[in-house]
Every structure is written in C-alpha cells, then in structure tokens.
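Given next are the chains, with one letter for each unit.
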Amino acid sequence: MQANGNANQRIARISDHLNPNYPKMEGSSGLQQVSCRAKGGAPGFKVAILGAAGGIGQPLAMLMKMNPLVSVLHLYDVVNSPGVTADISHMDTGAVVRGFLGQSQLEDALIGMDLVIIPAGVPRKPGMTRDDLFNINAGIVKTLCEGITKCCPNAIVNLISNPVNSTVPIAAEVFKKAGTYDPKRLLGVTMLDVVRANTFVAEVMGLDPREVDVPVVGGHAGVTILPLLSQVKPPCSFTPEETDYLTSRIQNGGTEVVEAKAGAGSATLSMAYAAVKFADACLQGLRGDASVIQCAFVASQVTELPFFASKVRLGRTGIDEIYPLGPLNEYERVGLEKAKKELAESIQKGVSFIKK
Ligand SMILES: NC(=O)c1ccc[n+]([C@@H]2O[C@H](COP(=O)([O-])OP(=O)(O)OC[C@H]3O[C@@H](n4cnc5c(N)ncnc54)[C@H](O)[C@@H]3O)[C@@H](O)[C@H]2O)c1
Ligand SMILES: O=C(O)C[C@H](O)C(=O)O
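Residues numbered from 1 in each chain as written. Chains lettered and ligands numbered in written order. Predicted model: local features only at pLDDT ≥ 70, side-chain atom pairs only at ≥ 80, totals over all residues. Heavy atoms only, no water.

Draft legend 1. Seen up close, the site of ligand 1. Among the 29 residues in the neighbourhood of ligand 1, the closest are listed as Gly 55, Ile 56, Asp 77, Val 122 and Asn 162. Backbone polar atom of Gly 54 to an oxygen atom of ligand 1: 3.2 Å apart, as the coordinates give it. Between Asn 137 and ligand 1, the recorded distance is 3.1 Å, taken from a side-chain N or O atom to an oxygen atom. Here ligand 1, which alone exposes 860 Å², has 86% of that area covered by the protein. (Near = heavy atom within 4 Å. Polar contact = N/O pair within 3.5 Å; in protein donor to acceptor, adjacent residues only side chain to side chain. Areas by Shrake-Rupley, 256 points an atom, 1.4 Å probe, with all protein chains shown as cover.)

Draft legend 2. A look at helix α12 (residues 330–355). With 26 residues, α12 extends 37 Å between its outermost C-alpha atoms, agreeing within 8% with the 38 Å of an ideal straight helix rising 1.5 Å per residue. Buried residues of α12: Glu 332, Gly 335, Leu 336, Ala 339, Lys 340, Leu 343, Ser 346, Ile 347, Gly 350, Val 351 and Ile 354, and no others. Buried positions along α12 lie against α6 (134–151), α7 (164–178), β7 (216–218), β8 (225–227), β9 (292–299) and β10 (307–315). (Helix = DSSP H or I, 4+ residues; strand = E, 2+ residues; numbered from the N terminus. Expected span 1.5 Å × (residues − 1). Buried < 20%, exposed > 50% of the residue type's maximum accessible area, 1.4 Å probe, protein only. Contact = heavy atoms within 4.5 Å.)

Draft legend 3. Structural detail: the nonpolar core. Formed by 60 residues in total, the largest nonpolar core has its most connected members in Leu 60, Met 64, Leu 187 and Leu 283. Examining the composition of this core, we find that eleven residues originate from one element, helix α11 (residues 269–287), more than from any other. Not counting chain neighbours up to four residues away, the residues in contact with Leu 187 comprise Ile 156, Val 157, Asn 158, Leu 159, Phe 278, Ala 296, Phe 297, Val 298, Val 312, Leu 314 and Ile 319. Judged by nonpolar contacts, the second largest core, of 46 residues, contains Ala 138, Leu 144, Ala 155 and Ala 172. (Core = buried A, V, L, I, M, F, W, Y, C linked by side-chain atoms within 4.5 Å.)

Draft legend 4. Just unusual backbone geometry, in detail. Note the cis peptide between Asn 162 and Pro 163, where omega equals -5°. Within the element layout of this structure, Pro 163 appears in the loop between β5 (156–159) and α7. Of note, the amide linkage connecting Lys 233 to Pro 234 takes the cis form, showing an omega dihedral of -5°. Relative to the assigned elements, Pro 234 resides in the loop between β8 and α9 (240–251).

Draft legend 5. Just the layout of surface pockets, in detail. Roughly 690 Å³ of volume is contained in the second largest pocket. Ile 56, Pro 119, Ala 120, Gly 121 and Val 122 are, among the 41 residues lining the second largest pocket, the residues nearest its centre. Listing elements by their share of the lining of the second largest pocket, those giving two or more residues are β2 (70–77), α6, α8 (191–205) and α10 (253–261). The residue makeup of the lining of the second largest pocket, split by class, is 20 nonpolar, 16 polar and five charged. (1 Å grid on protein atoms, 1.4 Å probe; cavity = no way out; pocket = protein on both sides within 12 Å on 5 of 7 lines; lining within 4 Å. Points joined across faces, edges and corners; volume = space filled by probe spheres on them. Nonpolar A, V, L, I, M, F, W, Y, C, P; charged D, E, K, R; others polar.)

Draft legend 6. Examining the pattern of salt bridges more closely. With the rule as written, the count across this model stands at 15 salt bridges. A salt bridge links Arg 333 to Glu 330, with the shortest nitrogen-to-oxygen separation between them at 3.0 Å. Within this pair, Arg 333 and its partner Glu 330 are both found in helix α12, separated by three residues, close to a single helical turn. (Salt bridge = Lys/Arg side-chain N within 4 Å of Asp/Glu carboxyl O.)

Draft legend 7. Structural detail: the site of ligand 2. Every residue lining ligand 2 is accounted for by Arg 124, Arg 130, Asn 162, Leu 192, Arg 196, His 220, Gly 254, Ser 266 and Ala 267. Taking Arg 124, its side chain carries an N or O atom lying 2.6 Å from an oxygen atom of ligand 2. When ligand 2 sits alone it has 260 Å² of accessible area, and the protein chains cover 96% of it. Assessed atom by atom at 2 Å from the grid points, ligand 2 resides in the second largest pocket. Class assignment for the residues of the shell around ligand 2 results in two nonpolar, four polar and three charged. (Sits in = over half its atoms within 2 Å of the grid points.)

Draft legend 8. The arrangement of α7 in detail. Along its 15 residues, α7 runs 21 Å from first to last C-alpha, staying within 8% of the 21 Å computed at 1.5 Å per residue. The buried fraction of α7 is high, at twelve of 15 residues. Those residues of α7 not exposed but buried are Val 164, Asn 165, Ser 166, Thr 167, Val 168, Pro 169, Ile 170, Ala 171, Ala 172, Glu 173, Val 174 and Phe 175. Along its buried surface, α7 packs onto α6, β5, β6 (186–188), β9, β10 and α12. Looking one or two residues beyond α7, the residue adopting positive phi is Gly 179, at roughly 75°.

Draft legend 9. Seen up close, the side chain of Thr 149. For Thr 149, the location among the structural elements is in helix α6. At a separation of 2.6 Å, a polar atom in the side chain of Thr 149 contacts the main-chain carbonyl oxygen of Glu 146. In contact with Thr 149, not counting residues within four places along its chain, are Val 174, Phe 175, Ala 178 and Thr 180.

Keep in mind these numbers describe shape, not what the thing actually does.
Below, the structure is given as structure tokens:
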C-alpha cells in the first residue's frame, strides 16, 4: 500500500527513537513496538520532573503531559519511573515522554531541560513538622541540584521538596559552589498556600475561588506562611474572628491534610494542581508573556532575610521583578515578625548544611 511504502525504513523501535536510555520494562506485554512516526521537535519547552513516581510526581506528570507549552517531558525517579512513564506516554497529547530510573540516569534526564520541577523526598506523617524531613530531604535535594549544575545550569528550578524554607537555601549553596547560581532561576514553590488561601477565603465570603487572589508571603511552614488578607482581591473586609480563622487554617492547611491521610502522606493532588499552575506561569514567562505574576520563595531583598516569599513577575530568564509587600495592617506586621524569626533559622540551617 502506498501509505506503507518503505515501511521497513520507517520502522524503528519507539523506545530507541525517543531515547536510547529509555528504561527497559521487564515483564511488559512483549508486544513489539514498531512503526514510529513520532514527530520530534514540536515547539515548546523541555521539562523534567525529579521524583516523578511519587504521590505528587504522578499527577504532576499527568498534568504536565496535558500542558500545551511542554514539548518534552522527562520523568526521573529512583523507583517505578518506567511504569509511570509507560502509562503517561499513552496519553494523546503533544509532549514526548521519556523515563529515567536511578542515579545513573539522572544526568540524561536533565540534559537540555528548560524547567526542572523537584517533588523528590519524603513527606510528613502526623505529629511531624516539615523540619523533621530535613535530614533525609536535604541530601536528596543536594544530589539533584548537583546534577542540575552539570547538565542544565540555565534551567528554571521549581523546588517543592520540604522543608522548602531550608531546601531552597541548600539549592542556592550547591549552585554557588559550582559557580552556576542565578537567583532569578531558583524558585521555592509556595503556590499551594495561595491555592488554599483563595479557596478558604472564597468559602468564608461566599465567592467563586477562581475570582479570589490572596497574596501569601514569608515561607512555607507554620507561622512563616503569612496570608495578607488586607490585600485580598476583590477587596474583602474580615471580622477579627474571620481573620484569625483564615490565617490559622491557611497556616495549618498542610497539617490538616497530613492528619486526614493518617500516616499515608501529605497533600499530593492539590499540590500537583498547584505545582502545575506555578510551572505553567514559569513557562508563560519563558515564552515572553507579559504580566505573569505569582508568589514564590526566592532570594530577595524585600526584607532583611536572604530568602522570602512574595509576589514575583516571571519572564524569559526567570524572575524579572520581586514586588514589595505593600501596606500591612497591625495583625500582619505582628505575623511578619514571627515569620521572620522562624525563617531566619530555617534558612541558616539550609546554608550550613552545604557550607559545613
Ligand atoms: N512545597 C509544597 O507546598 C509541598 C506540598 C506537598 C508536599 N511537599 C513535599 O514534597 C515532597 C514529596 O511529597 P510526596 O507526597 O510526593 O512524597 P512521596 O514519598 O509520595 O514521593 C516522593 C518521591 O520521591 C522519590 N525520591 C526519593 N529520593 C529520590 C531521589 N534521590 N531522586 C529522585 N527521586 C527520589 C521517591 O522514590 C518517591 O517516588 C515531600 O518532601 C513533601 O513534604 C511540598
Ligand atoms: O504539609 C506538608 O507536609 C506538605 C506540604 O508542605 C503542604 O503544605 O501540604
């Protein structure tokens, strides 16, 4: 048949065509993978997810596969990435998906990436603080960031692994040590705090959450999560009881999920949603869209601390502008002082982990 003329020349194993390092999947159906006419080079960005087989990683991978701004999606983990990759690669969306398994494939996963999203690491169980995760996650983040310095030093990095207040300073120190640090490209993901704040404020005020915008500044743990309810859009006026309730619920949203999951981990689905919302903003910025603004935990001069979460404008090279906090009311000024005290210690802990 005409359409199949020279078929033998076109036939290639899909795995070889897409990536010679694609993990072999032992015990798979045994069907021969043939007839590859996959389109390479579609316009879009190359994105890697490190920790792609985890509770956040899997739905995040699925949602990024659905993102039209993504042309290539690399899924890396130390376990189970072949299965997740096989599964997600069957989705009929544009991005080409490739899987990478284990430390020996980290560099292949990272070469040429525009955006690296990191949800690798252990989650909390009831009774733990995010800081209790430091001992395990600090080392994981260090290793992954060392890979980034070697293979894609110009990539935008979205760091999700907790404790974010310490892992972002760890990443910065790793990049500094390697001489590749660009503070405009390293962003701690605090988007879930904003997502929660929008939802909880909408509930209290009887609004559609999609129309609510709450700036959440500071960091990503307990009192360091500081919602600026005086700056909510559309403008809202809260009673003191509502302010207390909302501030506490936003600050403890993560714990609310950890307790509800009763030992089975922390927020994964809402986090994947928030991570994709944030990653999409980063990609829109890279594409050159105007006025892409989100909150993130970044190197900052907004306060005397070296890192702080506030609204940032995203552009072609990462962060284009960091916005000041704006006018705070007395309740928020008190909250800010508490947040800064805890943040200073968490930041120092991260810096010392690399410098020691
Ligand atoms: N920033 C936030 O708002 C936010 C929200 C929710 C969770 N988190 C954090 O995200 C992290 C992941 O949470 P989860 O629920 O997906 O956990 P999970 O245990 O379900 O998944 C973590 C994944 O990381 C992988 N991993 C472990 N070591 C690795 C390494 N060296 N390289 C690559 N991958 C590695 C694991 O194999 C696993 O698949 C936790 O630290 C959690 O506290 C942050
Ligand atoms: O609470 C956690 O440990 C996970 C995450 O930081 C969250 O806010 O849901």
